[in-house]
Amino acid sequence: MNKTIRLILGDQLNSHHTWFKTVDNSVVYVMMEIRSETDYATHHIQKIVGFFAAMQSFCAELKSKNHQVLYIHLNDETNLHSFEKNIQNLVSIHNFTHFEYQLPDEYRVDLDLKNLCQSLSITNSVVDSEHFFTTREELGLFFEGKKTFVMESFYRMLRKKHTVLMDGNNPLTGKWNYDGENRKKLPKNHKATWPLVFANDVTEIYNQIQLTTIKTIGTIDAKAFVWPINRIQSLRLLDFFLAECLPLFGSYQDTMSPNEWSLYHSRISFSMNLKMISPQEVIDKAIQEWGKRPEEIAYNQLEGFVRQIIGWREYMRGIYWLKMPEYGTMNFFNNQEKLPDWFWTGNTKMNCLKDAITQSLNYAYAHHIQRLMITGNFALLAGIHPDELDAWYLGIYIDAIEWVEITNTRGMSQFADGGIVGTKPYVSSASYIDKMSHYCGSCFYKKELKTGKKACPFNSLYWNFYDRNEAKLSENPRIGMMYSAWKKMKPEVKVALLEQADYYLKNINEL
Ligand code: FAD
Ligand code: SF4
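Everything numeric here is computed off the predicted structure, so don't read it as measured data.

Novice: So what exactly am I meant to see when it comes to the overall build of the protein chain here?
Specialist: The helix and strand inventory of the protein chain stands at 20 helices and nine strands. Expected size for 511 residues packed as a compact globule is a radius of gyration near 24 Å; at 24 Å, the protein chain falls within 12% of this value. Dimensions of the protein chain, computed from C-alpha atoms along their principal axes, come out at roughly 85 × 55 × 50 Å. In the protein chain, which comprises 511 residues, the share counted as buried stands at 57%. Within the protein chain, counting contacts between residues at least 6 apart in sequence, those at least 24 apart form 76% of the total. Here the protein chain carries 56 positive and 57 negative side-chain charges, and the mean point of each set is 6 Å from the other.

Novice: I'm lost on the packing of helix H13 (residues 368–381) against helix H17 (residues 457–468) in this one. Help?
Specialist: Between two packed helices, what matters for the description is the angle formed by their axes and the separation of those axes. Relative orientation of the contacting elements H13 and H17 amounts to 50°, with a least axis distance of 9 Å. Put simply, H13 runs oblique to H17. Residues Ile-374, Asn-377, Phe-378, Leu-380 and Leu-381 of H13 form the contact with H17, whose own contacting residues are Phe-458, Leu-461, Tyr-462, Phe-465 and Arg-468. A class-by-class count of the residues in the contact of H13 with H17 yields eight nonpolar, one polar and one charged.

Novice: What is the right way to look at empty space enclosed by the protein in this model?
Specialist: The gaps of empty space that remain are located by a probe, the size of a water molecule, rolled over the atoms. According to the stated counting rule, one finds three cavities of 30 Å³ or more in the structure shown. Its volume calculated, the largest cavity comes out at about 300 Å³. In this structure, the largest cavity is lined by 19 residues; those nearest its centre are Gly-10, Asp-11, Glu-37, Tyr-40 and Phe-51. Going through the elements one at a time, helix H1 (35–38) and helix H2 (45–64) are the ones with two or more residues in the lining of the largest cavity. Here the element with the most residues in the lining of the largest cavity is H2; it accounts for five residues. When grouped by side-chain class, the residues that make up the lining of the largest cavity number 12 nonpolar, three polar and four charged. For the second largest cavity, the calculated volume is near 100 Å³.

Novice: Explain the pattern of salt bridges here, please?
Specialist: When charged atoms on two side chains of opposite charge get close, those side chains can pair. On inspection of all chains with the given rule, the structure shows 27 salt bridges. One salt bridge in this structure joins Arg-136 and Asp-110, with 2.9 Å as the shortest N-O distance. Of the two residues, Arg-136 sits in the loop between strand E6 (123–127) and helix H5 (138–142) while Asp-110 sits in helix H4 (residues 107–119), which places them 26 residues apart along the sequence. Note on Asp-110: relative accessible area 4%, which makes it buried. In this structure, Lys-292 and Glu-289 form a salt bridge, with 3.8 Å as the shortest nitrogen-oxygen distance. Of the two residues, Lys-292 and Glu-289 are both situated in helix H10 (residues 279–292); the distance of three residues between them amounts to about one turn of the helix. On the basis of relative accessible area, Lys-292 is assigned to the exposed category, the value being 63%. Overlapping salt bridges bring together Arg-159, Asp-179, Glu-303 and Arg-307 as one network.

Novice: Looking at this structure, how should I read the nonpolar core?
Specialist: General note: in soluble globular proteins, nonpolar side chains tend to be found buried as a group. Within the largest apolar cluster, 152 residues are counted, with the highest numbers of intra-cluster contacts made by Tyr-315, Leu-353 and Phe-378. Here Phe-378 is in contact with Pro-340, Trp-342, Phe-343, Met-350, Leu-353, Phe-458, Leu-461, Ile-508 and Leu-511, once residues within four sequence places are set aside. Formed by 21 residues, the second largest nonpolar core is a distinct cluster that contains Val-28, Met-32, Ile-87 and Phe-99.

Novice: Please explain the domain arrangement of the protein chain as it appears in this structure.
Specialist: A common way to express how large an interface is: the accessible area buried when the components associate. When the domains of the protein chain are assigned, the result is domain 1 (4–127), domain 2 (138–199 + 209–323) and domain 3 (341–510). Here the C-alpha centroids of domain 1 and domain 3 sit 39 Å apart. Counting residues at the interface gives 12 residues for domain 1 and 14 residues for domain 3. Of the roughly 1,000 Å² buried between domain 1 and domain 3, counting both surfaces, carbon and sulfur atoms make up 59%. When the area that domain 1 buries against domain 3 is broken down by residue, the three leading residues are His-44, Gln-46 and Lys-47, summing to 47%. Our count for the contact surface shared by domain 1 and domain 3 stands at zero salt bridges.

Novice: What is the right way to look at the site of ligand 1 in this model?
Specialist: Not every one of the 29 residues close to ligand 1 is listed here, only the nearest: His-265, Ser-266, Arg-267, Tyr-365 and Asn-408. Ile-268 is positioned with one of its backbone polar atoms (N or O) 3.1 Å from an oxygen atom of ligand 1. Separating an oxygen atom of ligand 1 from a side-chain N or O atom of Asn-273 is a distance of 2.9 Å. Out of a free accessible area of 820 Å², ligand 1 has 99% covered by protein chains. Sorting the residues of the shell around ligand 1 by element identifies helix H9 (269–273), helix H11 (299–323), H13 and helix H15 (402–413) as the ones contributing at least two each. Of the residues forming the shell around ligand 1, the biggest block, six residues, is contributed by H11. Within the shell around ligand 1, the residues separate by chemical class into 14 nonpolar, 10 polar and five charged. A domain split of the shell around ligand 1 shows at least three residues from each of domain 2 (138–199 + 209–323) and domain 3 (341–510).

Novice: Looking at this structure, I do not really get the packing of aromatic side chains. What am I missing?
Specialist: Centre distance and the angle of the planes are the two values used to describe a pair of aromatic rings. Counting across every chain of the model gives 46 aromatic pairs. Between the aromatic rings of Phe-465 and Tyr-466, the centroid separation amounts to 5.3 Å while the plane-to-plane angle is 70°, which identifies the pairing as edge-to-face. An identical accessibility class is assigned to Phe-465 and Tyr-466; each is buried. With centroids separated by 6.1 Å and ring planes inclined at 55°, the aromatic side chains of Tyr-503 and Tyr-504 adopt a geometry described as tilted. A connected cluster of aromatic rings, assembled from ring pairs, spans Phe-332, Phe-333, Phe-415, Tyr-462, Trp-463, Phe-465, Tyr-466, Tyr-483 and Trp-486. Against the face of Tyr-178 rests Lys-175, its NZ or CZ located 4.5 Å from the ring centre.

Cut-offs used in this document
- Residues numbered from 1 in each chain as written.
- Chains lettered and ligands numbered in written order.
- Predicted model: local features only at pLDDT ≥ 70, side-chain atom pairs only at ≥ 80, totals over all residues.
- Heavy atoms only, no water.
- Helix = DSSP H or I, 4+ residues; strand = E, 2+ residues; numbered from the N terminus.
- Rg over C-alpha atoms; globule rule 2.2 N^0.38 Å.
- Buried < 20%, exposed > 50% of the residue type's maximum accessible area, 1.4 Å probe, protein only.
- Contact = heavy atoms within 4.5 Å.
- Lys, Arg positive; Asp, Glu negative; His and termini not counted.
- Charge placed at Lys NZ, Arg CZ, Asp CG, Glu CD.
- Axes fitted to C-alpha atoms, helices over the stretch in contact; angles between N-to-C directions.
- Parallel < 35°, antiparallel > 145°, perpendicular 65-115°, else oblique.
- Nonpolar A, V, L, I, M, F, W, Y, C, P; charged D, E, K, R; others polar.
- 1 Å grid on protein atoms, 1.4 Å probe; cavity = no way out; pocket = protein on both sides within 12 Å on 5 of 7 lines; lining within 4 Å.
- Points joined across faces, edges and corners; volume = space filled by probe spheres on them.
- Salt bridge = Lys/Arg side-chain N within 4 Å of Asp/Glu carboxyl O.
- Core = buried A, V, L, I, M, F, W, Y, C linked by side-chain atoms within 4.5 Å.
- Domains from an automatic or database assignment.
- Buried area = accessible area lost by both parts, 1.4 Å probe.
- Near = heavy atom within 4 Å.
- Polar contact = N/O pair within 3.5 Å; in protein donor to acceptor, adjacent residues only side chain to side chain.
- Areas by Shrake-Rupley, 256 points an atom, 1.4 Å probe, with all protein chains shown as cover.
- Phe/Tyr/Trp six-rings, centres within 6.5 Å; stacked < 30°, edge-to-face > 60°.
- Lys NZ or Arg CZ within 6 Å of the ring centre and 35° of its normal.

Okay, structure coming up:
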């Protein structure tokens, strides 16, 4: 009798997948908690717990619908801790005749599974994960023959193709992009809605992890785990976002405030990246909500949100599959420095970094601008090696899966790809951080000072960055103005700035 074994990866928890439409007694699903996945980076404890909790919950859901599922727990004696070894073992024990899997999102796992298929003595096949708007190849085909990969044109193509916020061939309101309206600073004393959090008891999973040598970072309240661990909770989080946050999402998407860890952001990246909810349903529900409350939800808020999902998210995935594996080795500026120790503790006098890192350790989450303009900005100014940064971002965030982490980190944040994702490096001095946040007022450092003991490190590091990378950047038309300003500075001012930066770089662990 033919018997099929189907592998479900930890980020493939899509209950609407065709696989699960019918119950087939000749099919057995397998899910596994393995060391090759827990150990390829030093993950946040909440990330490992969150994945395992969501996997266990998905397994229970499948079983309740009468699907046959083999679940290999972390500390099961028979667990061989790699996809290949566990599958080989199961095939030999249960006499499966066919192996099937869904296209993985990560290059590393894709290779592993291709190798596994070659080593198996039974037939195999692969199916789509039925999650994204685009195929792996779509971005490459769209930009074929082009020198640049402009996100905006990819986004517009996808809006047309999938009829999202369109009026025939034109954007619904006549305008594609409302970015210009989405850069407001949070008014002083404005209190954002306290975010919906869950209180999942994940003690059992946490205890199992403690029995192993798995290295983790960050903290967790295992009795009240805040992240959604199943589709129902993911939908509740989405509904909360639509009800409470969407009306101000766009306006405040670039703002930052001390002790406000999520502001008006949706925090659905974990749910979406694990496929508990789909980008299509997220967009559909957001558009429906706007349709119901047009007076409360201005169009710019909706468009800003839709662009993140059908635009940036699909774009990053396309870049990943077009450019891997070379992408993982790119280092345009040849940066070589190590991350300061306080990236692992939050123990720094720089208020903005202290806040962004501490909340990352506490929640396994920081919103986009904290990742880009605080931690990423500092790391690029300080010349940190992109490998170090990738390892940090890949470990610390609950939503960090390589396809979306590396393109954002190496590409958007570090410009290590030399301009594939961004047209210029995202760096700033204190003035941008102060413009967009309330961090500077209570900082040890003074935002207006460029030199001296209390000078904000961002100020001198900013000019040091441009100075040391002049050969690589001065021809960039978007940066010309910076170099004219640098050239106009008096020599003694330049020397003082570079000396200050040099001092900070040599004493980076003390900042
Ligand atoms: P919201 O601000 O509410 O946005 C809604 C959704 O849009 C997100 O859930 C996400 O799915 C999508 N989105 C928004 N921006 C991006 C983007 N730049 N790329 C892809 N999708 C986007 N996102 C991850 O999912 N995993 C990562 O590992 C990751 N690493 C990042 C590293 C750096 C250095 C930077 C600058 C960004 C990174 N991002 C990553 C993108 C973005 O910061 C997160 O998707 C977002 O902060 C998740 O929080 P949210 O769900 O509240 O997002
Ligand atoms: Fe950050 Fe500088 Fe502002 Fe302090 S003064 S919060 S270090 S930008």
